[in-house]
Amino acid sequence: MASAPPVDNSLLEDPPVSEEGSEAAGISKKQAKKEAMKAEKLRKKQEAAAAVNASAQIESLELDPHAGDYGDIPGEELQSKAVSGREWTAIGSLNSELADRTVLLRGNAQTIRPVSKKMAFLVVRQSMSTVQCVLTVGKDYGSPQMVKFATSLSRESIVDIEGTVSIPKDPIKGATQQVEIQVRKLYCVNRAVSNLPINIEDAARSEREFEKAEATGEQLVRVGQDTRLNYRVLDLRTPANQATFRIQCYVEDIFRRFLRSENFVGIHTPKLVAGSSEGGAAVFKLDYKGQPACLAQSPQLYKQMAICGGFERVFEVGSVFRAEDSYTHRHLCEFVGLDAEMEIKEHYEEVMDIVDRLFVAMFDYLNENCRKELEAIDRQYPFEPLKYLQKTLRLTFKEGVEMLKAAGLEVDPLGDLNTEAERKLGRLVFDKYGTEFYILHRYPLAVRPFYTMPCPDDPVYSNSFDVFIRGEEIISGAQRVHIPELLTSRAEACGIDVKTISSYIDSFRYGAPPHGGFGVGLERVVMLFCALNNIRKTSLFPRDPQRLVP
């Protein structure tokens, strides 16, 4: 498999140069003869080199009868050359039931440990799973040269391994799978550079390990957040990151499946828009074929227009852009929005009912079906499981303010809650009600977007709500204004150029049902459910005010 192809000597020969051809090319007979001699000399030199190479290969085969069982796979064999029909085994599926079976694996060479000239250990990783592979020299398999080849591999190189599954006497501490692979064939598919910018072992260390090291005076390498993001492809290979983005995938999938079960229709709205969708100046402006445009801050206007279009209930999963200069642990300039909009029959509580059941179902699923992933995150970033009620707690904004005042924190009763107040209220709610997930509704109208419906009994407040996890806001929702005259006056009051959203307002002139909805950031849900300290940990390739690459 790894042997060199035979050399075609005919390819080494230069075509003869005729005298007529040389004269036509403007070369003298003397010069042509000189060039021909040089070509002949080069040809003989190449033939000699080829002969030496062939001799070396023959000698290698004579010295090592297993030379064909290891080596670097030539590039041309990896160019979708043929379909072999071989069966591959996932490392995560290796267990004692496969004992004595021959398997074919592919993965990253995570660690390489030579024991002697005739023995070496190789831990191979595939996504979140690892297995210990043993190379030894036997009568019918292996060779010192094969062991030497294995120990010459650079960490993170991609390797193919064929071997027999065996069950070790003692538990394996350095791998997830409790079986070993007795290697019979080892090929390198692609070599990683010998000096990696960050080591996976360093990037995967937990705070517990650093604490133990400090206690014993041991020095461990700590990989900083910026360094991780600069070399994100390597950082993503850690077990915690592999688990985090699988959790993120499940959250998105549950969001879609739950809403589909509630008769919501998935839609896709434009991300290039003529005006602001949220109000304010925090938009990314651009030129759209000579017209001023910006990136959508949310699908808000269009999902409402879809309701006016007769869809009754819609949802979207898509990118959202905010040009805010926020350098906090929970803000990004681009994130994935999970949005929903629905007709309201009588009360905006119908929207909160959907939020309640959706997220309780989501949390239940993650806790029951993602234990492996949650444990992997917990090993590096220890956290307590989220506390929540099967029927989500609902408090009015006024009740939240009263709890804060009773605890000695002065807040504006008609203003928004700042980060300190949100966290304080989260602790108070947990102490009193035993939940870290709750809904706060009837917010002051002055702190909500222009399209928010005022409360019927007190126009100072609005039919809106926020949802909190561990003392941080993750969801904003509300009943929307569907009356065009009220919508126009609210937009003007919020400083929005009504001309830029005229098609949006006009959509309510053709018959619009009462409706409401909500939006949540996917990255923030995962961050807070897993109690991670920075949203950049839950964004695959984060975009913040200072980062545009990788």
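Residues numbered from 1 in each chain as written. Predicted model: local features only at pLDDT ≥ 70, side-chain atom pairs only at ≥ 80, totals over all residues. Heavy atoms only, no water.

(A) Just a nonpolar patch on the surface, in detail. Taken together, the side chains of V233, L540 and F541 present a nonpolar region at the surface, about 250 Å² in accessible area. Assignment of secondary structure puts F541 in the segment after α16 (522-529). (Patch = residues over 30% accessible without salt bridge, like charges linked within 9 Å, V, L, I, M, F, W, Y side chains within 5 Å. Areas by Shrake-Rupley, 256 points an atom, 1.4 Å probe, with all protein chains shown as cover. Salt bridge = Lys/Arg side-chain N within 4 Å of Asp/Glu carboxyl O. Helix = DSSP H or I, 4+ residues; strand = E, 2+ residues; numbered from the N terminus.)

(B) Structural view of the pairing of strand β9 (residues 285-288). Looking at chain direction, β9 and strand β10 (residues 291-295) are connected through four bridges and run antiparallel. Bridging from a neighbouring strand, L286 pairs with A293 of β10. Here β9 folds back onto β10, and the loop between the two strands holds two residues, one of which, K289, carries a positive phi near 55°. (Pairing = 2+ DSSP bridges.)

(C) Local environment of the pattern of salt bridges. Applying the stated criterion across every chain yields a total of 31 salt bridges. Linking R191 and D72 is a salt bridge whose minimum nitrogen-to-oxygen distance equals 2.8 Å. Placement of the pair is R191 in the loop between β6 (180-190) and α4 (200-203) and D72 in strand β1 (residues 70-72), with a sequence separation of 119 residues. Owing to a relative accessible area of 36%, R191 belongs among the partly exposed residues under this scheme. Linked through salt bridges whose partners overlap, the residues forming this network are R155, E201, D202 and R205. (Buried < 20%, exposed > 50% of the residue type's maximum accessible area, 1.4 Å probe, protein only.)

(D) Representation of the packing of helix α10 (residues 349-369) against helix α11 (residues 371-380). Relative to each other, α10 and α11 sit at 85°, their axes nearing to 5 Å. In terms of their interaxial angle, α10 and α11 are classed as roughly perpendicular. Each of L366, N367, E368 and N369 in α10 lies in contact with α11, whose residues at this interface are R371, E373 and L374. A per-class count over the contact of α10 with α11 returns two nonpolar, two polar and three charged. (Axes fitted to C-alpha atoms, helices over the stretch in contact; angles between N-to-C directions. Parallel < 35°, antiparallel > 145°, perpendicular 65-115°, else oblique. Contact = heavy atoms within 4.5 Å. Nonpolar A, V, L, I, M, F, W, Y, C, P; charged D, E, K, R; others polar.)

(E) Inspection of the packing of helix α12 (residues 397-406) against helix α13 (residues 419-433) at higher detail. It is the contact of α12 with α13, at a shortest axis distance of 10 Å, that shows an interaxial angle of 90°. Put simply, α12 runs roughly perpendicular to α13. Across the interface between the two elements, G400, M403 and L404 from α12 touch A421, K424, L425, L428, V429, K432 and Y433 from α13.

(F) Inspection of the packing of aromatic side chains at higher detail. Here the structure, examined in full by the defined rule, presents 13 aromatic pairs. Centre to centre, the rings of F363 and F437 are 5.1 Å apart; their planes meet at 90°, and the pair counts as edge-to-face. A residue pair is termed long-range when its members are at least 10 positions apart, and F363 in helix α10 and F437 in strand β14 (residues 437-441) qualify at 74 residues. Overall, F437 belongs to the buried group, its relative accessible area being 1%. Seen from their ring centres, F363 and F529 are 5.4 Å apart, and the 15° between their planes marks the pair as stacked. Here the residue F363 occupies a position in helix α10, and F529 occupies one in helix α16, the gap between them amounting to 166 residues. (Phe/Tyr/Trp six-rings, centres within 6.5 Å; stacked < 30°, edge-to-face > 60°.)

(G) Looking closely at the environment of H268. Its place among the elements puts H268 in the loop between β7 (265-266) and β8 (272-273). The exposed category is assigned to H268, whose relative accessible area is 69%. Spatially, the C-alpha atom of H268 lies 19 Å from that of G477, the residues being 209 residues apart in sequence.

(H) Just the sheet that holds β8, in detail. Strands sit in the order β8-β10-β9 across an open sheet of three strands; the sheet is antiparallel. With partners counted over all chains shown, the strands left at the sheet margins are β8 and β9, one partner each.

(I) Seen up close, the nonpolar core. Counting 54 residues, the largest nonpolar core has F359, F465, I474 and F518 as the members making the most contacts within it. Excluding its chain neighbours within four sequence positions, the residues that come into contact with I474 are F359, F437, V467, I469, G519, V520, G521, R524, V525 and L528. Core analysis: the next-biggest nonpolar cluster, separate from the first, contains 28 residues, I91, A120, V147 and I161 among them. (Core = buried A, V, L, I, M, F, W, Y, C linked by side-chain atoms within 4.5 Å.)

(J) Representation of the side chain of Q242. In this structure, Q242 sits in helix α8 (residues 239-261). Of the polar contacts made by the side chain of Q242, one reaches the side chain of R246; its length is 2.8 Å. Once residues within four sequence positions are removed from consideration, Q242 is found in contact with S127, M128, L236 and R237. (Polar contact = N/O pair within 3.5 Å; in protein donor to acceptor, adjacent residues only side chain to side chain.)

(K) Expanded view of helix α3 (residues 144-151). Every buried residue of α3 is accounted for by M146, V147, F149 and A150. Buried residues of α3 fall within an arc of 160° about the axis and therefore sit on the same side. On its buried face, α3 is in contact with β1, β2 (102-116), β3 (119-126), β4 (129-136) and β6. (Arc of directions from axis to C-beta.)

(L) The arrangement of unusual backbone geometry in detail. Note that the residue after V549, namely P550, is joined by a cis bond; omega there is -5°. Mapped onto the secondary structure, P550 falls in the segment after α16. Even without being glycine, E312 reaches a positive phi, approximately 70°. By the secondary structure assignment, E312 is in the loop between α9 (300-311) and β11 (313-321). By relative accessible area, E312 is classed as partly exposed at 47%. The backbone of R442 shows a phi angle near 60°, a positive value even though the residue is not glycine. Within the element layout of this structure, R442 appears in the loop between β14 and β15 (464-469). By relative accessible area, which is 23% here, R442 ends up partly exposed.

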